[in-house]
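# Structural characterization, general
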Amino acid sequence: MKGDIMAKMHKLTKGGQTIFPATIYDAVVNPKTRKSLTAELSELKMDIINQKKGENIIDNFDQSTAYIVYGNQGEIASSIEKITNNATFIATKLECKAGDRFLITGKCVSVQARAYVFVDESDRILLKASQTFVGEKSVIEAPESAITAYFTLTKSESVEFVILDSSIEELNDKITETNKSLTSLEEEVSNIIITESGIEEEIYNSAYLSKDYISAGGTLGTAARYWSVRIPVAKGLRYKLDSSNVSNQTVFRIAKTVEREITEVLINEASPETKNYEIYCDGSFNYILWTLSNAYDLEGTPSVKRIEGGGKKLSPDIQITPESLPGFEDSIKDITDRLDGVVYKSNIIYCYADQETANQFQAIEDGVNIFVGYNANVNSIQRAINTIPRDTDKQWYIFAVGEFRTSSFNHFATEDPLSGESQEDYVCYIEMVDRQNIHLFGVGNRATKIVCDMPDSGFPTPVSNLHPLLIKKTRNCSFHNFYIFGKNVRYTVHVNGIKESESNKLWFDNVEFDSEKNNGEAANSWPYGSQPIGIDIASNMNLIFTNCINPCLRGHFGSMGYGRHFILFKGCYFYSDATNVLPSENIPSPNSFIDYRFIGNKFYGLSTLFNGSLKESGVKMKISGWGNSIVYFPKPTLYFNEITDIAQTYKTESSILAGNLVNLYGDKANGKIESVAMFNSSDGKVICAKNIMYEINNILVSENYLPKDGDYCKAVDGLLAKSEYPTNAYVLVRSGIKYLIVE
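Presented here is a report on the structure given in the accompanying data block. (Residues numbered from 1 in each chain as written. Predicted model: local features only at pLDDT ≥ 70, side-chain atom pairs only at ≥ 80, totals over all residues. Heavy atoms only, no water.)

## Quick word on the overall build of the chain
- Helix and strand counts for the chain stand at nine helices and 59 strands.
- Here the chain holds 743 residues, and the buried ones make up 47% of them.
- Intrachain contacts of the chain at a sequence separation of at least 6 include 69% that bridge at least 24 residues. (Helix = DSSP H or I, 4+ residues; strand = E, 2+ residues; numbered from the N terminus. Buried < 20%, exposed > 50% of the residue type's maximum accessible area, 1.4 Å probe, protein only. Contact = heavy atoms within 4.5 Å.)

## Quick notes on the sheet that holds strand E7 (residues 101–109)
- The strand order across the open sheet built from three strands is E10-E7-E12, with neighbouring strands paired in antiparallel fashion. The sheet is open, and its two edges are formed by strand E10 (132–141) and strand E12 (160–163), each paired on a single side. Geometrically, the sheet is characterised by an average inter-axis angle of 15 degrees between neighbouring strands, direction not taken into account.
- Pairing geometry for E7 and E12, over four bridges, is antiparallel. When the bridges of E12 are listed, Thr105 appears paired with Glu160. (Pairing = 2+ DSSP bridges. Axes fitted to C-alpha atoms, helices over the stretch in contact; angles between N-to-C directions.)

## Remarks on the pairing of strand E28 (residues 396–401)
- Where burial is concerned, most of E28 is hidden: six out of the six residues are buried.
- Of the two faces of E28, the one lined by Trp396, Ile398 and Ala400 and the one lined by Tyr397, Phe399 and Val401 are each fully buried.
- Summarising the sheet, strand E26 (residues 348–352) and E28 pair through five bridges and their orientation is parallel. Bridge pairing in E28 places Tyr352 opposite Val401.
- One ladder, built from five bridges, connects E28 with strand E32 (residues 438–442); its direction is parallel. Bridge pairing links Ala400 to Gly442 in E32.

## Thoughts on the sheet that holds strand E54 (residues 685–689)
- With respect to topology, four strands assemble into an open sheet ordered E51-E54-E53-E52, the strand pairing being antiparallel. For this open sheet the edge positions go to strand E51 (647–651) and strand E52 (661–662), each flanked by a neighbour on one side alone.
- Alignment of E51 against E54, held across five bridges, turns out to be antiparallel. Residue pairing in the sheet places Tyr650 in a bridge with Val686 of E54.

## Things to note about the pairing of strand E6 (residues 89–95)
- Along E6, five of the seven residues are buried, which leaves the element largely enclosed by surrounding structure.
- Direction of pairing for strand E3 (residues 62–63) relative to E6: antiparallel, over a ladder of two bridges. Counterpart to Asp62 in the pairing with E6 is Ala91.
- Where E6 and strand E11 (residues 148–154) come together, seven bridges link them in antiparallel fashion. From the neighbouring strand, Glu95 faces E11, where its bridge partner is Thr148.

## So, the nonpolar core
- The biggest cluster of nonpolar side chains holds 80 residues, and the ones touching the most others in it are Phe508 and Phe545.
- If one sorts the elements of this core by residue count, strand E31 (residues 427–433) sits on top with four residues.
- If you look at the next biggest cluster of nonpolar residues, it comprises 28 residues, including Phe102, Ile104, Ala129 and Ile163. (Core = buried A, V, L, I, M, F, W, Y, C linked by side-chain atoms within 4.5 Å.)

## Re the pattern of salt bridges
- For the coordinates displayed, the defined rule picks out 15 salt bridges.
- The salt bridge partner of Arg306 is Glu201, with a shortest N-O separation of 3.2 Å. Placement of Arg306 in strand E24 (residues 303–308) and of Glu201 in strand E14 (residues 199–202) is noted, with a sequence separation of 105 residues between them.
- Among the ionic pairs, Glu516 bridges to Lys487, the shortest N-O distance being 3.7 Å. Of the two residues, Glu516 is situated in strand E39 (residues 512–516) and Lys487 in strand E36 (residues 482–487); the sequence distance between them amounts to 29 residues. (Salt bridge = Lys/Arg side-chain N within 4 Å of Asp/Glu carboxyl O.)

## Brief notes about the side chain of Ser624
- Examined against the element boundaries, Ser624 turns out to sit in strand E48 (residues 620–626).
- What makes Ser624 buried here is its relative accessible area of 9%.
- Residues contacting Ser624, with those up to four places away along its chain left out, are Asp595, Tyr596, Arg597, Phe598, Glu642 and Ile643.

## A few points about the packing of aromatic side chains
- Following the criterion strictly, the structure yields 30 aromatic pairs and no others.
- Both rings, one in Phe118 and one in Phe151, keep their centres 6.0 Å apart while their planes meet at 85 degrees; by these two values the pair is edge-to-face. Residue Phe118 is located in strand E8 (residues 116–119), and its partner Phe151 is located in strand E11; the two are separated by 33 residues in the primary sequence.
- Residue Phe118 is classed as buried on the basis of its relative accessible area, which comes to 0%.
- For Phe151, a relative accessible area of 0% corresponds to the buried category.
- Ring centres of Phe598 and Phe603 lie 6.4 Å apart, and the angle between their planes is 50 degrees; this geometry places the pair in the tilted category. For the residue pair Phe598 and Phe603, the accessibility class agrees, reading buried in each case.
- Members of the aromatic cluster, each reached through a chain of ring pairs, are Phe479, Phe508, Phe513, Phe545, Phe569, Phe574, Tyr596, Phe598 and Phe603.
- Positioned over the ring face of Tyr287 is Arg230, at 3.8 Å from the centre of the ring.
- Positioned over the ring face of Trp626 is Lys305, at 5.0 Å from the centre of the ring. (Phe/Tyr/Trp six-rings, centres within 6.5 Å; stacked < 30°, edge-to-face > 60°. Lys NZ or Arg CZ within 6 Å of the ring centre and 35° of its normal.)

In C-alpha cells form, the structure reads like this:
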C-alpha cells in the first residue's frame with residue numbers, strides 16, 4: 001500500500017536526487033515528542049491494551065496478519081516477516097518483560113507462523129510455540145531477557161487473548177504457597193512410602209504393528225495409512241510405552257481393548273510431542289492399542305516394556321544415625337516392630353566396632369544377639385556371621401555400628417573355609433563364604449566403616465592372600481549402608497568364584513567402595529591391588545549394585561564361569577571405569593553369557609561403562625540400559641548398542657565414515673550435532689553414539705579448525721567446526737588430550 005501511495009506522489013528533486021514530500025508515515029513526526037507517526041500509533045495501541053489488562057483484547061489484533069520469525073529456539077532470528085494478506089490469521093506485536101503472562105484460548109496450526117515467539121534485544125529466539133499449538137486457557141510467561149513478543153492465532157469467534165493483571169499474580173502467589181504446602185506433605189509421605197521401579201523387560205516386536213487405529217472420536221477404525229501398536233497384556237503387570245525413537249509420529253492415542261473392542265480411551269488427540277505413558281493392567285482388558293501415525297509408515301522403533309514387581313511400599317528406613325540413639329533398643333524399635341511377622345527377632349544380631357561404641361548404646365555382649373569388638377583378633381561382624389548355620393533357611397539381619405578399623409595383620413584372623421577347593425591361602429578380615437540368607441546393614445548413611453589400611457611391609461603372607469571382605473559361594477546375601485576401604489591388600493572386596501559353585505543373588509546397596517594403590521613391598525608382591533572390587537565370575541551369578549559409589553569391577557571370567565550372569569548398576573556414581581571384567585588371559589569362556597545393565601548412573605571425569613580388550617574366544621556379552629549421564633568412550637565398541645540414551649542406529653542412504661557427525665536422519669550433520677558415527681556405514685545403517693565424551697582424535701574435523709578448550713561446536717557437512725554460539729557440543733581438554741562432549 002505504501003508503494004502505491006508513493007507512486008502517485010509528485011516527485012521533487014534536490015541536487016539531482018529524487019526526494020518525497022513529508023507525507024510518508026515514517027517521516028511525519030509529532031512536533032512535541034519528535035516521534036514518528038508509526039511510533040506514536042504503536043504506543044497508542046499499547047496504551048489501549050494496557051487499559052484492558054485482564055480483559056479479552058483480541059479485537060486489538062491486526063486482522064489478516066501473521067508474524068513469521070525464522071530460526072530455531074536459542075538462535076538469532078534470520079529474519080522477522082509481517083504477512084498482511086493472509087485471511088486465516090490475526091496477529092499482534094507487543095513489548096514485554098520477563099515474567100509478563102498472557103492467557104491464550106485459541107490455536108495456530110502452521111509450519112512457519114507460530115502462536116507465540118519471544119525474542120530479546122538482539123532478536124535471539126528465547127521461546128517458540130510448537131507448530132500445532134492449541135491453547136485451552138493456556139498461560140504463557142515471557143522468559144528471562146524477553147523484550148518483544150509476536151502472537152499469531154487462527155481467526156475464530158472463540159479465540160481469546162488476555163494480559164494477566166496483578167490480581168491474577170496475587171492469586172498465583174496463593175496457589176504457589178498452596179503447592180509448597182502440598183510439596184512439603186509429599187516429601188513427608190515420601191519418607192514413609194517408597195516407589196520401587198521393578199524389573200523391566202523390552203517386549204516390543206514387529207508383530208505388534210497393526211492397521212487398527214483409534215479415531216478422533218474414540219472409535220476403532222482400520223485404514224492402510226494408519227499405524228498402531230497392538231500389545232497383549234497380562235493382569236497385575238505394568239507397561240511402559242515410549243515413542244522417543246519414532247521420528248515421524250503425528251498423534252499419540254492409547255486405548256484399552258478386549259480383543260479388538262475398545263473399552264476405554266486413555267489418551268486421544270494428544271500432541272505428537274507426547275512420547276511416554278505407563279499403564280497398569282487390572283484384568284479388565286487384554287490388549288493396549290497405541291496409535292502413533294495417521295499418515296506414514298513408522299520410522300524408528302517404539303519401545304514397549306513390561307514391568308514386574310515394584311510399586312509403592314513401606315520404606316525400610318533402616319538408616320539410623322547413632323547420634324539420635326540415646327538407647328539402641330528404643331531407637332530401633334520402629335524397625336523391629338515392622339519386622340514382626342516377617343522374621344524372628346532372634347534372627348537380628350547387633351555388632352559394635354569396639355567397647356566405646358557399645359557403651360554409647362548401653363550394649364553388653366551376650367554372644368547370641370550382641371557382639372562387641374575383637375575376640376581372639378576376630379571382629380564382631382565375623383563372629384556374628386560365624387554363629388549363623390550355613391544351611392539356614394531363615395533370613396538373618398546383622399546391624400553393624402561404628403568404625404571397624406585395622407592396620408594390624410593380626411586382625412586378618414579368619415581363613416577362607418573353602419581354601420582346599422580353590423587351592424588358595426586366603427585370610428580375611430571378614431569372610432562371607434559358603435553362606436546364604438545373610439543381610440548385613442550399616443547403621444547410618446555409610447557411617448559404618450570397614451577400613452583396612454595396612455602397612456607397606458611386614459606381611460605374614462603374600463599380599464594377594466589378604467582380603468578385607470571375601471565373598472564366595474553366596475546365596476541370597478546383601479550389604480547395605482557401608483563405607484569400605486582397602487590399602488596394601490588384594491582387593492577391597494573380592495567376589496571369588498570356584499568351579500561348580502552356585503552363586504545366586506548378591507546385592508550391594510548404598511555402599512561406597514574406596515581403595516589406594518599398593519605401596520612399597522606390597523606393590524612388589526601384588527601390583528594389581530587395591531582395586532575396589534575384584535571379581536572372578538562364578539556360575540549363574542546375579543550381582544546387583546544400587547545407589548553405590550565407585551562399584552568398579554576388576555577381574556576376569558575363569559573356566560568356572562558357565563551359564564548366564566546378570567550384573568546391574570542402578571543409581572550409582574562412578575569416578576573410575578565401571579568394569580573391565582574380561583575373559584581370563586589363558587582361559588577362554590565360550591560357555592558364558594553376561595548381561596550388563598546400566599540404569600540412571602552418573603559418570604564423572606574419564607570413567608567409562610566398559611574398558612578393556614575383548615577376545616573373540618571369550619565371553620558373550622550384552623550391555624543395555626537407560627537414563628545415564630554423559631559417559632567417556634575411550635574407543636568404539638559394538639557392546640553399547642542397547643543403551644537407549646547413548647546408542648543410536650540410523651537408517652541412512654549416505655556414505656558415513658567413522659568419526660563423522662550425524663543428524664537425526666542418519667545423514668552428515670549441518671548445525672546441531674546429534675551423535676558421532678562409531679563405524680563406517682554399511683547395509684544402509686550407521687551405528688552412532690550420543691550423550692558421550694569422545695577423543696577428538698577419533699572425530700573428523702573441518703579443515704583449518706584447531707579445537708580449543710571451551711569451544712562450542714557444530715557440524716559442517718559431517719565435520720567438526722567451531723560455533724559462535726552455545727550448542728549441545730563443546731571441547732574439553734584434560735592432561736593435553738582433547739575431547740568432544742555431545743550432550
